Amino acid sequence: MQHTFIIEPITYMPFESEAEQIEKCKEWGLLSEKAVKTKTFFYKGHGNHLTCSIIGFVDKMTAVISFENEQKHCIHPSYLKEMQAANYGQRTAVATEESESTAPEITETGSNDAAYETAMSAEQDSSLKAALPNKETDEETTEQKPAAMNPPKEKAKKEKQPKLQLPEEKVKMAATVKEFTTVPNNFSDTEDEVVIYEAVAIEDPEITVGDAWSSHSATLKKLELEIGDILHFEGKIVAKKLTKHPIPYKINNPAKIQKEKPE
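Residues numbered from 1 in each chain as written. Predicted model: local features only at pLDDT ≥ 70, side-chain atom pairs only at ≥ 80, totals over all residues. Heavy atoms only, no water.

S.K.: Outline unusual backbone geometry, listing residues and values.
M.R.: The step from D204 to P205 runs through a cis peptide bond, and the omega angle for that step is 0 degrees. Locating P205 in the fold gives a position in the loop between strand 7 (192–202) and strand 8 (207–215). Phi is positive for E70, close to 70 degrees, though the residue is something other than glycine. Mapped onto the fold, E70 is located in the loop between strand 4 (62–67) and strand 5 (72–75). (Helix = DSSP H or I, 4+ residues; strand = E, 2+ residues; numbered from the N terminus.)

S.K.: Lay out the pattern of salt bridges in plain terms, naming residues and giving numbers.
M.R.: Summed over the entire model, instances satisfying the criterion amount to 6 salt bridges. Here K240 ties to E33 by a salt bridge, and the two come within 3.7 Å at their closest N and O atoms. Here E33 lies in the loop between helix 1 (18–28) and strand 2 (41–45) and K240 lies in the loop between strand 9 (230–239) and strand 10 (249–260), a separation of 207 residues in the sequence. Judged by relative accessible area, E33 falls into the partly exposed class, the value being 22%. Put simply, K256 and E234 hold a salt bridge, and the shortest N to O gap is 3.8 Å. In this pair, K256 is assigned in strand 10 and E234 in strand 9, connecting sequence segments 22 residues apart. Take K256: its relative accessible area is 64%, and that puts it in the exposed class. What makes E234 partly exposed here is its relative accessible area of 23%. (Salt bridge = Lys/Arg side-chain N within 4 Å of Asp/Glu carboxyl O. Buried < 20%, exposed > 50% of the residue type's maximum accessible area, 1.4 Å probe, protein only.)

S.K.: Talk me through the packing of aromatic side chains; I want residue IDs and the actual numbers.
M.R.: A ring pair, where both rings are aromatic, is described by two values, the distance of the centres and the angle of the planes. Using the criterion set out here, one finds 4 aromatic pairs in the structure. Taking 5.9 Å as the distance between ring centres and 90 degrees as the angle between the ring planes, the aromatic pair formed by F5 and F67 counts as edge-to-face. Of the two residues, F5 sits in the segment before strand 1 (13–14) while F67 sits in strand 4, which places them 62 residues apart along the sequence. A ring pair is formed by Y43 and F67, whose centres lie 5.6 Å apart and whose planes are at 90 degrees; its orientation type is edge-to-face. With Y43 in strand 2 and F67 in strand 4, this pair connects stretches of sequence that are 24 residues apart. For Y43, a relative accessible area of 0% puts it in the buried group. An aromatic cluster of at least three residues, connected via ring pairs, comprises F5, Y43 and F67. (Phe/Tyr/Trp six-rings, centres within 6.5 Å; stacked < 30°, edge-to-face > 60°.)

S.K.: Can you explain the pairing of strand 8? Please cite residues and give values.
M.R.: Bridge analysis of strand 7 against strand 8 gives 7 bridges, and the strand direction is antiparallel. Bridge pairing in strand 8 places V194 opposite S215. What sits between the antiparallel neighbours strand 7 and strand 8 is a turn of 4 residues. (Pairing = 2+ DSSP bridges.)

S.K.: I'd like to hear about the pairing of strand 6 (residues 171–183), residue by residue, with values.
M.R.: Note that strand 6 and strand 9 share 6 bridges and pair antiparallel. Bridging across to strand 9, A174 finds its partner in H232. Sheet topology note: the strand 6/strand 7 ladder contains 9 bridges and is antiparallel. Each residue of the ladder has a partner; that of V183, found in strand 7, is D192.

S.K.: Account for the confidence of the model for the protein chain, with residues named and values stated.
M.R.: When the pLDDT values of the protein chain are averaged, the result is 77; 71% of them are 70 or greater. Low pLDDT (under 50) marks residues 99–142, which in the prediction has 38 contacts with non-local residues, meaning those over four places away or in another chain. (pLDDT = per-residue confidence, 0-100. Contact = heavy atoms within 4.5 Å.)

S.K.: Give me the lowdown on the environment of V58, citing residues and values where you can.
M.R.: Relative to the elements of secondary structure, V58 occurs in strand 3 (residues 48–59). Separated by 45 residues in sequence, V58 and M13 have C-alpha atoms that sit 6.1 Å apart. Apart from residues no more than four positions distant in its own chain, V58 is found in contact with P9, T11, Y12, V64 and C74.

S.K.: Can you explain helix 1? Please cite residues and give values.
M.R.: Turning to helix 1, its buried residues are Q21, I22, K24, C25, K26 and W28. At the exit of helix 1 stands G29, carrying a positive phi of roughly 80 degrees.

Structure follows, in structure tokens:
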């Protein structure tokens, strides 16, 4: 049976090993940091509940999955992660019903990913309109107030921090242990242990990163780390925010670790 919703990849990078597949799924949040093997995933949409496997990727934001009939389909990893929830179909149905009056019609041959994105966009537009003040009412109120009661408005400009261009390969880095914490794991009843670092810097090319985090792996636990310890190591750093913390970068698989105590 051929699926009609398929978005066939023109070209993609297949995983060369199960280890590479597991690492990529961890980056996307589809597997826990403690996972040592992959699992069966589900694609839910168009009244279907299909098993699928992740076989590669087009780019960092596009995964490629394969169904039992060997058809390949492009999907955003976040959508696939949402589909793993037991109540995914119910949440999507509610969002679609609430946005019917404003969202464009989605045909049966359209992508389920597009329907989900349209519904979410309509909800955001509706919330934004509700939050905006009524222009006519504000103008009337302003006219009634004396000029002395209307202080001059200062335009506050927020300077956006430039996005770091992180190297894709492993690099030498230095970091200082800032704190230890735990974060929820969607695939387990226990929480994951993590280490938060400060003063993270890449040595070559020289890039100041700032704060980053990593899993508190068995390798790191053997070092008996303490807050303030300075580490020199090799590893890969990626843009991945820590759950419930404003830490934007993650260090994967630190190796050749050397520890020194602060002076």
